Amino acid sequence: LLASLPLQMMLYFNLYFFPVWFLAEGMMLQLKYQLLPQHYQFLLVAAFLLLSLTECSRLYLGYVGNLQEK
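Residues numbered from 1 in each chain as written. Predicted model: local features only at pLDDT ≥ 70, side-chain atom pairs only at ≥ 80, totals over all residues. Heavy atoms only, no water.

**Some words on the pattern of salt bridges**
Here the idea is simple: oppositely charged side chains can pair when their charged atoms come close.
Right, so step 1: Counted under the stated rule, the structure contains 1 salt bridge.
Right, so step 2: In this structure, the salt-bridge partner of Arg-58 is Glu-55, at a minimum N-O distance of 2.7 Å. One end of the pair is Arg-58 and the other is Glu-55, both in helix α2 (residues 38-67) and 3 residues apart, which spans about a single turn.
Right, so step 3: In this structure Glu-55 comes out as buried when scored by relative accessible area, which is 17%. (Salt bridge = Lys/Arg side-chain N within 4 Å of Asp/Glu carboxyl O. Helix = DSSP H or I, 4+ residues; strand = E, 2+ residues; numbered from the N terminus. Buried < 20%, exposed > 50% of the residue type's maximum accessible area, 1.4 Å probe, protein only.)

The structure is reproduced here in structure tokens:
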């Protein structure tokens, strides 16, 4: 089996778009943080961290899995 070129290209472009998304979402979080109730603040920060960690692990596992044909 060979590595999937379309998957590798999507992972490559996503690797460059993820920091842009991370910075934009972080700035929006900072702007609206003070306007939200405290329980929404907690949920928003938790969701942001969870999505960021999930995306990092997805990109890493995608690269490793595609290049090692797993």
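**Quick look at α2**
Right, so step 1: Between its first and last C-alpha atoms α2 spans 44 Å; for 30 residues at 1.5 Å apiece the expected length is 44 Å, and the two agree.
Right, so step 2: The set of residues buried in α2 consists of Gln-41, Phe-48, Ser-52, Glu-55, Leu-59, Gly-62, Tyr-63, Gly-65 and Asn-66.
Right, so step 3: The elements touched by buried residues of α2 are α1 (5-32).
Right, so step 4: Of the residues trailing α2, Glu-69 is marked for its positive phi of about 60 degrees. (Expected span 1.5 Å × (residues − 1). Contact = heavy atoms within 4.5 Å.)

**Some points on α1**
Right, so step 1: Between its terminal C-alpha atoms α1 stretches 40 Å, which fits the 40 Å expected from 28 residues at 1.5 Å a residue.
Right, so step 2: Turning to α1, its buried residues number three or more, namely Gln-8, Leu-11, Phe-18 and Leu-29.
Right, so step 3: Lining the buried residues of α1 we find α2.
Right, so step 4: Where α1 begins, one side-chain oxygen reaches toward the backbone nitrogen of Leu-7, 3.4 Å away; that side chain belongs to Ser-4. (Polar contact = N/O pair within 3.5 Å; in protein donor to acceptor, adjacent residues only side chain to side chain.)

**A look at a nonpolar patch on the surface**
Right, so step 1: A surface patch of nonpolar side chains, about 770 Å² in accessible area, is lined by Leu-5, Met-9, Tyr-12, Phe-13, Leu-15, Tyr-16 and Phe-17.
Right, so step 2: Here Tyr-16 falls in the exposed class, since its relative accessible area comes to 51%. (Patch = residues over 30% accessible without salt bridge, like charges linked within 9 Å, V, L, I, M, F, W, Y side chains within 5 Å. Areas by Shrake-Rupley, 256 points an atom, 1.4 Å probe, with all protein chains shown as cover.)

**Regarding the environment of Leu-53**
Right, so step 1: With respect to the helices and strands, Leu-53 occurs in helix α2.
Right, so step 2: Measuring from C-alpha to C-alpha, the distance between Leu-53 and Leu-67 comes to 21 Å, with 14 residues separating the pair along the chain.

In short, geometric facts, not functional conclusions.
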